[in-house]
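Observations on chain architecture
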Amino acid sequence: MNQPEVVMIGLGYIGLPTAALIAQNEVNVHGVDINPKVVETINKGEIHIVEPELDSAVETAVKNGYLRASTKAVTANNYLIVVPTPFKGKNEPDISFVEAATLGIIPLLKEGDLYIIESTSPIGTTEKMRDLIYQKRPELRDKLFLAYCPERVLPGNVMYELVHNDRVIGGIDEKSTDKAISFYSNYVKGKLHRTNARTAEMCKLVENSSRDVQIAFANELSLICDKAEINVWELINLANKHPRVNILQPGCGVGGHCIAVDPYFIVSEYPMESKIIGTAREVNNYKSFWCAEKIQNAKLKFELEYGRKPKVALMGLAFKPNIDDLRESPAKYIVNKVLQNDSNGEYFIVEPNIEEHNVFKLTNYNEAIEKADVIAFLVAHEEFKQMKLDKDKVVLDFCGVIKNENI
Ligand code: SAJ
């Protein structure tokens, strides 16, 4: 392969699909990942993550010679940073991976290169990286194009959304924004909206915080309705008949790597100002704890009534419906909590989207429903919605699986 046009640093859930998409356009892409196993897998034309259509895109890109990977960056004209930004300490964003990736390419940079951060980042990260780059390479000052462009794709639909979603692009100056827009316009059919780097960084955080706040509202309603003996699903459905009301669905908490995480990037820096954003996090975390408590209480009530311990079905482990992704899953947290409190109870743990789990023994969902006395729905998987439940079962529906005639 000739010198690549694009170097993609970080070959995870966003970096790899983006690399494959660019390579599909017959552009030479060099992927970089610190994990040698990931590099080896990709160079074989295979993938290490689950995402529809990604396998064939990577296989074709590698076979046709447009995509290859290594553990070290190489010279290119465009550098994309798509590495994780985890937490350190008490919910403080950790940009050390972005920093390390940037340090890795600084010696390779030359006049006219484009450097883009896609990783979710605290406000001011792009400016910090600009300062770092020019501190090490002062001769390049104002001769590079530096921008921030967050991704907003939904896991499970990444290959489509990468192309069709609108994107927000913020350069550290106008010419950087122009250059980044021109880069993405080769691959993206959605609209490309221009702004500055700080606004683009904040925009990503705000999108996920907005969804978190809206889910918290739905979860708060579910707590109130439980006490008030009102069916929350019916209530929300009716309220949503108002032309300007659109309440989301309650569940057993908020999971995944984004919505449950990104709001802390704002709260940790602006604690006095971000009251609603911080409280929403608390409400959504509390909802998972509350669900676990409800299961404990239902078990105790059953035992008092029938003089024996109930068999309990815990339905779902994924972080949201119809996926196999268990990362940061509230359902998994609830299952762990329930089992911790009662290690010798009889449980059926169900997750139809995975074959086996290294900690939990999984049971088929039909068998679990048939044998259990208490059934707790933790994730609204499609399979569960089709099930017929016997009237004598105790059912805890935390995610709206059971159809109600009025809904
Ligand atoms: N959830 C509810 N009730 C709802 C909707 C969702 O409880 O009505 C829960 C889900 O069960 C899940 C969590 O919220 O536990 C998050 O799921 P999600 O489908 O809302 O979002 P993610 O985490 O899969 O993807 C989000 C998306 N962001 C927004 O919708 C604003 C996606 O567009 C982002 O690209 C992604 O985060 C990311 O990478 O940041």
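These numbers were taken from a predicted model, which means no experiment stands behind them.

**Thoughts on the overall build of the chain**
- Per the secondary structure count, the chain includes 14 helices and 14 strands.
- On C-alpha atoms alone, the chain measures out to a radius of gyration of 24 Å, which is about the 22 Å that the 2.2 N^0.38 rule sets for 407 residues.
- Dimensions of the chain along its principal axes, counting C-alpha atoms only, are 80 × 45 × 40 Å.
- When the accessible surface of the chain is summed, it comes to about 20000 Å², and 50% of that surface belongs to carbon and sulfur atoms.

**Some details on the site of the ligand**
- Surveying the vicinity of the ligand reveals 19 residues, the closest of which are V153, K204, R211, Q249 and F319.
- One nitrogen or oxygen atom from the side chain of N208 is found 2.7 Å from an oxygen atom belonging to the ligand.
- The side chain of R211 places a nitrogen or oxygen atom 2.6 Å from an oxygen atom of the ligand.
- Coverage of the ligand by the protein chains reaches 85% of its 770 Å² of free accessible surface.
- Looking at the shell around the ligand residue by residue, the class counts come to nine nonpolar, four polar and six charged.

**Overview of unusual backbone geometry**
- A positive phi is found at D142, a non-glycine position, where the angle reads about 65°.
- Mapped onto the secondary structure, D142 falls in the loop between α5 (125-136) and β8 (145-148).
- When its relative accessible area of 53% is taken as the criterion, D142 is described as exposed.

**Some points on α5**
- Helix length check: α5, at twelve residues, gives a terminal C-alpha distance of 17 Å against a target of 16 Å (1.5 Å per residue), a fit within 8%.
- Of the residues making up α5, those classed as buried are T125, T126, M129, L132, I133 and Y134.

**Some thoughts on the pattern of salt bridges**
- Enumeration over the complete set of coordinates arrives at 18 salt bridges.
- The partner of R194 in a salt bridge is E174, and the shortest N-O contact between them spans 2.7 Å. Linking R194 in strand β10 (residues 192-196) with E174 in helix α7 (residues 174-184), this pair joins segments that are 20 residues apart in sequence.
- Salt bridges linked by common partners bring E174, D178 and R194 together as one network.

**Description of the domain arrangement of the chain**
- Domains assigned within the chain are domain 1 (6-190) and domain 2 (231-397).
- On a C-alpha basis, the centroid separation for the pair domain 1 and domain 2 is 35 Å.
- Contact with domain 1, which involves 13 residues of that partner, is made by eleven residues of domain 2.
- Of the roughly 1100 Å² buried at the junction of domain 1 and domain 2 (both faces included), carbon and sulfur atoms supply 64%.
- Counting across the domain 1 and domain 2 interface gives zero salt bridges.
- When the residues that make up the side of domain 1 that touches domain 2 are grouped by side-chain class, the tally is eight nonpolar, four polar and one charged.

**Regarding the packing of aromatic side chains**
- Enumeration over the complete set of coordinates arrives at nine aromatic pairs.
- Where F87 meets Y264, the ring centres are 5.6 Å apart and the plane angle is 75°; that geometry is what we call edge-to-face. Pair noted here: F87 is in strand β5 (residues 87-88) and Y264 is in helix α10 (residues 262-267), with a separation of 177 residues, a long-range link.
- Here Y264 falls in the buried class, since its relative accessible area comes to 15%.
- Plain terms: the ring middles of F183 and Y187 are 5.3 Å apart, the flat faces sit at 70° to each other, and that makes the pair edge-to-face.
- Taken together, the ring pairs connect F87, Y264 and F265 into an aromatic cluster.
- Here the guanidinium or amino end of R327 rests over the ring plane of Y13, the centre of that ring lying 4.0 Å away.

**Observations regarding the sheet that holds strand β14 (residues 394-397)**
- If you trace the four strands from one edge of the open sheet to the other, you get β12-β11-β13-β14, paired in parallel fashion. Looking at the sheet topology across the chains shown, the edges are occupied by β12 (346-350) and β14. Here the average twist between neighbouring strands, direction ignored, is 15°.
- In this structure, strand β13 (residues 374-377) lies alongside β14, joined through four bridges in parallel fashion. Residue pairing in the sheet places V374 in a bridge with V394 of β14.

Calculation rules
- Residues numbered from 1 in each chain as written.
- Predicted model: local features only at pLDDT ≥ 70, side-chain atom pairs only at ≥ 80, totals over all residues.
- Heavy atoms only, no water.
- Helix = DSSP H or I, 4+ residues; strand = E, 2+ residues; numbered from the N terminus.
- Rg over C-alpha atoms; globule rule 2.2 N^0.38 Å.
- Areas by Shrake-Rupley, 256 points an atom, 1.4 Å probe, with all protein chains shown as cover.
- Near = heavy atom within 4 Å.
- Polar contact = N/O pair within 3.5 Å; in protein donor to acceptor, adjacent residues only side chain to side chain.
- Nonpolar A, V, L, I, M, F, W, Y, C, P; charged D, E, K, R; others polar.
- Buried < 20%, exposed > 50% of the residue type's maximum accessible area, 1.4 Å probe, protein only.
- Expected span 1.5 Å × (residues − 1).
- Salt bridge = Lys/Arg side-chain N within 4 Å of Asp/Glu carboxyl O.
- Domains from an automatic or database assignment.
- Contact = heavy atoms within 4.5 Å.
- Buried area = accessible area lost by both parts, 1.4 Å probe.
- Phe/Tyr/Trp six-rings, centres within 6.5 Å; stacked < 30°, edge-to-face > 60°.
- Lys NZ or Arg CZ within 6 Å of the ring centre and 35° of its normal.
- Pairing = 2+ DSSP bridges.
- Axes fitted to C-alpha atoms, helices over the stretch in contact; angles between N-to-C directions.

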